[in-house]
Amino acid sequence: MIWMSIGAALLAALAFYLASPHQSLWAAAPRRPLRWLALPLCAASVLAASHGYGFWCGVFIALSALMLALVALPYVNAWSRGRHVG
């Protein structure tokens, strides 16, 4: 269940990131459906993690995976553009 939770959190972070107006990873991303998809994915992540570890531990597992992906996605975006700044 933990891998399902981490996967759902990563997908939720990707949906949140693609719904932001400043991203350039996928310019034609449908912003509104992605915003609405991210919230159920977050809830599914917490539910999957809390099934095996308890509610509060599941919340922290899901939020840790979500925060890790939200920090890594801008770096992936910058790396995929291939520009060197500085």
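Residues numbered from 1 in each chain as written. Predicted model: local features only at pLDDT ≥ 70, side-chain atom pairs only at ≥ 80, totals over all residues. Heavy atoms only, no water.

### Thoughts on the overall build of the chain
Regarding its fold elements, the chain presents three helices and zero strands. Reading the helices (α) and strands (β) of the chain from amino to carboxyl end gives α-α-α. C-alpha atoms of the chain, sized along the principal axes, occupy 45 × 30 × 15 Å. Taking all 86 residues of the chain together, the buried fraction comes to 33%. Sequence-distant contacts in the chain: of pairs separated by 6 or more residues, those separated by 24 or more amount to 61%. Summing over all exposed atoms, the chain offers an accessible surface of approximately 5900 Å²; the carbon and sulfur share of this is 75%. (Helix = DSSP H or I, 4+ residues; strand = E, 2+ residues; numbered from the N terminus. Buried < 20%, exposed > 50% of the residue type's maximum accessible area, 1.4 Å probe, protein only. Contact = heavy atoms within 4.5 Å. Areas by Shrake-Rupley, 256 points an atom, 1.4 Å probe, with all protein chains shown as cover.)

### Remarks on the nonpolar core
Residues Ala9, Ala12, Ala13, Tyr17, Leu41, Cys42, Ala65, Leu66, Ala69 and Leu73 constitute the largest nonpolar core, which totals 10 residues. Taken together, the elements giving at least two residues each to this core come down to α1 (2-18), α2 (31-53) and α3 (55-81). Beyond its immediate sequence surroundings of up to four residues, cysteine 42 is in contact with Ala12, Phe16 and Leu66. Counting residues in hydrophobic clusters, the runner-up holds six residues, among them Leu18, Ala19, Ala29 and Ala38. (Core = buried A, V, L, I, M, F, W, Y, C linked by side-chain atoms within 4.5 Å.)

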